Amino acid sequence: MKQFLKEKLEIARPLFEKGGKFEKLHSVYDGFATFLFVPGHTTHTGAHIRDGIDLKRTMFTVVISLVPALLFGIWNVGYQHFLAIGEKAAFIDQFLYGSLAVLPILVVSYAVGLGIEFAFAQFRGHAINEGFLVSGILIPLILPPTTPLWMVAVGTAFAVIIGKEVFGGTGMNLLNPALTARVFLFFAYPAALSGDIVWIADKPDAYSGATMLANAAAGAPLGYSFLDAFLGIIPGSIGETSTLMILIGAIILFATGIGSWKIMVSVFAGGWFMGLLMNLLAGDNSFMAMPAHYHLVIGGFAFGAVFMATDPVSAAQTERGKILYGVLIGVLTVMIRVWNPAYPEGMMMAILLMNVFAPLIDYFTIEANKKRRLSRAKNI
Amino acid sequence: MSTSTIEKPAVKVSEPLFGKKQRKLISNPLDGDNPITVQVLGICSALAVTVQMKPALFMALGVMFVLTMSNLFISLMRNIIPSRVRIIVQLVVVSTFVILVDQIFKAYAYEVSKELSVFVNLIVTNCIIMGRLEAFAMGNKPWPSILDGIGNALGYGAILMVVAFIREILGSGSIFGFKVFNELGINYTGNGVMVLPVGASIVIGLVIWAQRARNGYKEEA
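Residues numbered from 1 in each chain as written. Chains lettered and ligands numbered in written order. Predicted model: local features only at pLDDT ≥ 70, side-chain atom pairs only at ≥ 80, totals over all residues.

K.L.:
Which residues make up the confidence of the model for chain B, and what are the values?
P.N.:
Residues at a pLDDT of 70 or more form 91% of chain B, whose mean pLDDT is 84. Interface scoring of the predicted complex returns ipTM 0.77; its pTM is 0.84. (pLDDT = per-residue confidence, 0-100.)

K.L.:
Quick one: what's the story with the packing of helix 3 (residues 53-77) of chain B against helix 7 (residues 127-135) of chain B, residue by residue and with numbers?
P.N.:
Each packed pair of helices is defined by two parameters, the angle between the axes and the distance between the axes. Residues and elements named next belong to chain B. At a minimum axis distance of 10 Å, the contact between helix 3 and helix 7 shows a crossing angle of 25°. Taken together, the axes of helix 3 and helix 7 are roughly parallel relative to one another. For the crossing formed where helix 3 meets helix 7, the hand is right-handed. In this structure, helix 3 uses Val-66, Leu-67, Ser-70, Asn-71 and Ile-74 to contact helix 7, whose residues at the interface are Ile-128, Ile-129, Arg-132 and Leu-133. For the contact of helix 3 with helix 7, a count of residues per class yields six nonpolar, two polar and one charged. (Axes fitted to C-alpha atoms, helices over the stretch in contact; angles between N-to-C directions. Helix = DSSP H or I, 4+ residues; strand = E, 2+ residues; numbered from the N terminus. Parallel < 35°, antiparallel > 145°, perpendicular 65-115°, else oblique. Left-handed = near helix turned anticlockwise from the far one by under 90°. Contact = placed C-beta atoms within 7 Å. Nonpolar A, V, L, I, M, F, W, Y, C, P; charged D, E, K, R; others polar.)

K.L.:
Account for helix 5 (residues 132-141) of chain A, naming residues and giving values.
P.N.:
Residue and element names in this part refer to chain A. With 10 of its 10 residues buried, helix 5 lies for the most part within the structure. Restricting attention to buried positions, one finds in helix 5 the residues Phe-132, Leu-133, Val-134, Ser-135, Gly-136, Ile-137, Leu-138, Ile-139, Pro-140 and Leu-141. Where helix 5 is buried, its residues meet helix 3 (55-84), helix 4 (91-124), helix 6 (149-164), helix 7 (177-188) and helix 15 (301-308). (Buried ≥ 20, exposed ≤ 12 C-beta atoms within 10 Å, placed from the backbone.)

K.L.:
Hey, could you go over the interface of chain B and chain A for me, with residue numbers and the actual values?
P.N.:
Across the contact, six residues belong to chain B and six residues belong to chain A. Across the side of chain B that touches chain A, the residue classes break down as three nonpolar, three polar and no charged.

K.L.:
Before we move on, could you go through the nonpolar core and cite the residues and values that matter?
P.N.:
Residues and elements named next belong to chain A. Counting 100 residues, the largest nonpolar core has Val-306, Tyr-325 and Ile-351 as its most contacted members. Examining the composition of this core, we find that 10 residues originate from one element, helix 3, more than from any other. Contact partners of Ile-351, with chain neighbours within four places excluded, come to Asn-176, Leu-179, Gly-304, Met-308, Ala-309 and Ile-329. (Core = buried A, V, L, I, M, F, W, Y, C linked by C-beta atoms within 7 Å.)

K.L.:
Before we move on, can you summarise helix 4 of chain A with the specific residues and values?
P.N.:
Residues and elements named next belong to chain A. The end-to-end C-alpha distance of helix 4 is 48 Å, a good match for the 50 Å that 34 residues give at a rise of 1.5 Å each. Its axis deflected by about 30° at Ser-99, helix 4 carries its strongest bend there. What helix 4 keeps buried is the set Gln-94, Tyr-97, Gly-98, Ala-101, Val-102, Ile-105, Val-108, Ser-109, Val-112, Gly-113, Glu-117 and Ala-121. Following helix 4 by one or two positions, Gly-125 adopts a phi angle in the positive range, close to 70°. (Expected span 1.5 Å × (residues − 1). Bend = angle between axes of the 7 residues up to and from the residue.)

K.L.:
Describe unusual backbone geometry, listing the residues and the values that go with them.
P.N.:
Residue and element names in this part refer to chain B. The backbone of Phe-176 sits at a positive phi, close to 50°, despite the residue not being glycine. Residue placement: Phe-176 occurs in the loop between strand 1 (174-175) and strand 2 (178-179). What makes Phe-176 partly exposed here is the crowd of 13 C-beta atoms within 10 Å.

What follows is the structure in structure tokens.
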């Protein structure tokens, strides 16, 4: 099979090269060929070391690390639905119901996003970038299961065009594209992205669909235990609920060296530290008094820390900068959650804000390093 | 014996009222020298008043009146204004017309004037107006100054209307308050981003993108 594909690709290659019949579609050909096989490029001049792992394979590793969260999310959508309507359902029914709710969102996200990416690549004569492979799965995972499909399409289109292509495509964006899609939908259609009714598919009116964060913000009992939240059997966006599955993804990212563990750890540390500080200052505010470790498992905290904050394009690049960047995301998230009544969840805002600040953090990190080295030079 | 000759008075060539040069004064700001998309002036008001088309239209008319009249009067006074205090003189002239516009809106279009609120008064600080007074009216005759004022106000107004059209139809599904989608029987959900100032920012950016893609643009080093 592999040999067969390779032969076919080689036979087709001249058609897509300069002067060939389908010269204009070269980027499409290139996109598929490099998707299937490691590209055979070699450097032309001088000695370079070229890593066999290219952007496509990097992105694909992230997609694999997202699969546990996706599968759990699909099941959880079904589980929450049958729980809400008060029926007992078999595991397979829950999973099927969830698939019917989640897969269309996934398909729309990929179709719209890849369609726009292909169009831009053709139009600009660039190679097709694989940046959307990850965004396309991240977008469904951070949306509520009830999001209408046309909204998914609009949000994805906005993220790809305004969030990415405007700045020059993959690798040039200031903000995380998936979060750009979410923040656009959050402000454009707040009724579909927040509140108590959107988190459970086909929920009867009488059943409370409030998330733990909404309960905490309202000063009500949380409604779910720490273990529920850690395992993920709580209402929420499709892929964000299960901290356990996200940690499995984090281990994959860590083992392959693709995600920055410094960012992940410092986000968690920052959030926990701010949670502890809140506990100290709590008084009679029940949200501030909520144990700090709860903050790390409810809402989108874990998902944001592992998959969003670590986006290598929009995060800080310097090693020291990453720690500051991560800690500030954690601190800001908890601050927004507890002190800002307008936004029940702070992860999205905190990451986007720190995305904007990342170049500044890098700048000062480098300046500080220069100063340190200069003073060392003086002492000699 | 004097060798000096009496200089012949320069022949005054009277320029045509609507020659090529004069038409350029009006057409340039509409496209290649647009105050908003090319000079990037007057952005603040363009973000603030373009949620709906009606206030945007009134704002454009107000700016046109103020810009044309101040251009005319500053041009008339250009030779007697001491250059050290010219900004103050310009401001006084501009404020006079802005107050006039404000009072007229309050008298005849009260609802719109309430919507525009402080932004009518802020025409005083609109960079386009000060920019044209400094760059054009201080050095040109009254008639070209009037044309320049009209041209730039049209350029400003055109962008305002385009942005307001996009924002109103996407944000509230209407044109001049007329609910287009509802009339067509489509249940349209308004896009909240377009109602926020950030929507204007994005739309203006896209307009600039489109214009530069058409006209070509080189970043000045």
